[in-house]
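What the coordinates show
For reference, the chains in residue letters:
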Amino acid sequence: MDRRMVQNTQVDLKKEDLFEKCQKFTAAREAIAAGVYPYFRVIESAQEPEVIVDGRKMIMIGSNNYLGLTNHPRVKEAAINAIKKYGTGCAGSRFLSGTLDTHVELERKLARFMRKEAALVFSTGFQTNLGVISSLVGKNEVVLIDKMDHASIIDGCRLSFGEIKKFKHNDMDDLERLLSHYEDKAKMIIVDGVFSMEGDIVDLPKLVKLAKEYGARIMVDDAHGIGVLGKTGRGTAEYFDLEDEVDLIMGTYSKSLASIGGFISGPEEVIHYIKHFARSFIFSASPPPASIASVSAAIDIIEEEPERIEKLWHNTRKMLNGFKALGFDTGTSETPIIPVIVGDDMKAFRMARMLHDKGVFANVAVSPAVPAGSALMRTSYMATHTEEQLDRVLEAFEEVGKELGII
Ligand code: PMP
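From a predicted model like this one, the values you see are computed outputs, not experimental measurements. (Residues numbered from 1 in each chain as written. Predicted model: local features only at pLDDT ≥ 70, side-chain atom pairs only at ≥ 80, totals over all residues. Heavy atoms only, no water.)

Our focus in this paragraph is the site of the ligand. Near the ligand lie 15 residues; those nearest to it are Gly-125, Phe-126, Asp-221, His-224 and Lys-255. Residue Gly-125 places a main-chain N or O atom 2.7 Å away from an oxygen atom belonging to the ligand. In the environment of the ligand, an oxygen atom lies 2.9 Å from a nitrogen or oxygen atom belonging to the backbone of Phe-126. Protein coverage of the free-state accessible area of the ligand, which is 390 Å², stands at 85%. (Near = heavy atom within 4 Å. Polar contact = N/O pair within 3.5 Å; in protein donor to acceptor, adjacent residues only side chain to side chain. Areas by Shrake-Rupley, 256 points an atom, 1.4 Å probe, with all protein chains shown as cover.)

Next up on the list: the packing of helix H15 (residues 345-357) against helix H16 (residues 387-403). Closest axis-to-axis distance for the H15/H16 pair is 10 Å, and the angle between their directions is 140 degrees. Taken together, the axes of H15 and H16 lie oblique to each other. The way H15 lies across H16 gives a crossing that is right-handed. Where H15 approaches H16, its residues Met-351, Met-354 and Leu-355 are matched on the opposing element by Ala-396, Phe-397, Val-400 and Glu-403. Tallied by class, the residues present in the contact of H15 with H16 amount to six nonpolar, no polar and one charged. (Axes fitted to C-alpha atoms, helices over the stretch in contact; angles between N-to-C directions. Helix = DSSP H or I, 4+ residues; strand = E, 2+ residues; numbered from the N terminus. Parallel < 35°, antiparallel > 145°, perpendicular 65-115°, else oblique. Left-handed = near helix turned anticlockwise from the far one by under 90°. Contact = heavy atoms within 4.5 Å. Nonpolar A, V, L, I, M, F, W, Y, C, P; charged D, E, K, R; others polar.)

What follows deals with the sheet that holds strand S13 (residues 375-380). Within a sheet, adjacent strands bond to each other through the backbone by hydrogen bonds, running parallel or antiparallel. If you trace the three strands from one edge of the open sheet to the other, you get S10-S13-S12, paired in antiparallel fashion. Either end of the sheet is taken by a strand with one partner, and the two such strands are strand S10 (337-343) and strand S12 (363-365). Along the sheet, successive strands turn relative to each other by an average axial angle of 30 degrees, direction set aside. In the packing of H15 onto the sheet, the strands contacted are S10, S12 and S13, and the crossing angle to S13 comes to about 35 degrees. (Pairing = 2+ DSSP bridges.)

Think of two packed helices as two axes; the pair is described by the angle between the axes and how far apart they sit. Interaxial distance between helix H6 (residues 125-136) and helix H7 (residues 151-159) falls to 8 Å at its minimum, and their mutual angle equals 35 degrees. Judged by the sense of rotation from one axis to the other, the crossing of H6 with H7 is right-handed. The residues of H7 that touch H6, namely those facing Phe-126, Asn-129, Leu-130, Ile-133 and Ser-134, are Ala-151, Ser-152, Ile-153, Asp-155, Gly-156, Cys-157 and Leu-159. Counted by class, the contact of H6 with H7 contains seven nonpolar, four polar and one charged residues.

For H15, with 13 residues, the first-to-last C-alpha span of 19 Å sits near the 18 Å given by 1.5 Å per residue. Among the residues of H15, those classed as buried are Ala-348, Phe-349, Met-351, Ala-352, Met-354, Leu-355 and His-356. Sitting at the head of H15, Asp-344 places a side-chain oxygen 3.4 Å from the backbone nitrogen of Met-346. Immediately downstream of H15, the backbone of Gly-359 shows phi near 85 degrees, a positive value. (Expected span 1.5 Å × (residues − 1). Buried < 20%, exposed > 50% of the residue type's maximum accessible area, 1.4 Å probe, protein only.)

Attention shifts here to the domain arrangement of the chain. You can read the domains of the chain as domain 1 (31-60 + 306-404) and domain 2 (73-304). Using only C-alpha atoms to locate each centre, domain 1 and domain 2 end up separated by 27 Å. Contact with domain 1, which involves 19 residues of that partner, is made by 19 residues of domain 2. Three residues stand out in domain 1 for area buried against domain 2, namely Pro-306, Ile-309 and Ile-337, and they jointly supply 32% of the buried area on that side. Mapped onto the side of domain 1 that touches domain 2, the elements with two or more residues apiece are helix H14 (307-326), S10 and S13. (Domains from an automatic or database assignment. Buried area = accessible area lost by both parts, 1.4 Å probe.)

Now for the packing of aromatic side chains. In the structure shown here, the tally under the stated rule is nine aromatic pairs. With a centroid separation of 4.8 Å and an interplanar angle of 80 degrees, the aromatic rings of Tyr-239 and Phe-240 are classed as edge-to-face. Of the residues examined, Phe-240 reaches a relative accessible area of 24% and is grouped as partly exposed. Note on Phe-323 and Phe-397: the rings are 4.9 Å apart at their centroids and 75 degrees apart in plane angle, and the pair reads as edge-to-face. Taken as a pair, Phe-323 in helix H14 and Phe-397 in helix H16 lie far apart in primary sequence, 74 residues in all. You'll find Phe-323 and Phe-397 in the same group, each marked buried. Among the aromatic residues, those joined into a ring-pair cluster are Tyr-37, Tyr-39 and Phe-349. (Phe/Tyr/Trp six-rings, centres within 6.5 Å; stacked < 30°, edge-to-face > 60°.)

Locating Phe-113 in the fold gives a position in helix H5 (residues 101-114). Taking the relative accessible area as the measure of exposure, Phe-113 reaches 1% and is therefore buried. Along the primary structure Phe-113 and Glu-303 are separated by 190 residues, whereas in three dimensions their C-alpha atoms are 9.0 Å apart. Leave out the neighbours within four places in its chain, and Phe-113 touches Ile-226, Thr-232, Gly-233, Arg-234, Ile-299, Ile-302 and Glu-303.

Structural data, given as structure tokens:
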């Protein structure tokens, strides 16, 4: 008898088995058996415009390494030097024994970069949203979020004791409808600056106007805006020239900033409060020195080499125009995140497989990451992609799109 049978025999004796749902979950195994499972693909190289998968070179259009800094010699050298000086981990939370001088220096640098009074460094972007939202939004207070906000914002709201209200995606009339219901309550609107699946930009000018009218605070999750939008890469608020109007800007290091971790920036008294109440900050170890040093070096490069952002936008325009010219539906995208909308989940899985076979690594997004029936290939671009690589991607999409009857 194998071990699984023994375990099953044991649970047969009980009325209900909590693990039963695991046995019944077969969708992923079916996709694996059909050879169309697109997740957990193993990459054997650095996150560059070309990666190695199964010993074979592929063009990577599924990465958030927008500025191409994750394998930059200066960033890597900074990380190595930090390991030499501080070792590999902090073995404590920021609150107690895990605050290094480099954490504090990075907080000052991030605050200056984001043009805010203060910033606080977290160990992931996900934890940043969990900690910030759950500590700030209290009982009898309201948080208003876009339906397509990132999962970490939704989970942060769930952990708060406030009332959660969702408005239709980037629909400012719907937001106003909700705001007018809660005129007398303390409230905060939380949005993605750039939406992570759709690649569209929040209508910040209208949102700011409404927030002022109804007395709401604003928090922007700019995971995909920092290093991408704005004249100097400071993100969505800079892009709209509304930096002073946004109360809190959250960012992650896992995209343009070449590492892993997150931060919140805003008024000193708010950051001071979050520092003492955010549970994901207080009860989790601080980010390792190598990550902190990488982010610091990445910010220096962003400030010193504005041409990287220009190149990213050159590549973005090329791909947006290229997909549209081929007849693909790229939805409302206007950033380096370019979805190619396919519709049916299975068609999207097949498309990913066919692209994979042609040496193109693109991501698939199906429900619940996107609305049901709107499955898409999520493509995203780096400043470091070459013209030739991007032409090969368009060729592959054209061939596969025709074969699947999408174009
Ligand atoms: N917010 C948004 C909009 C994101 O896309 C992500 C990551 N996909 C996060 C937050 C979480 O960031 P991290 O990867 O640093 O946990």
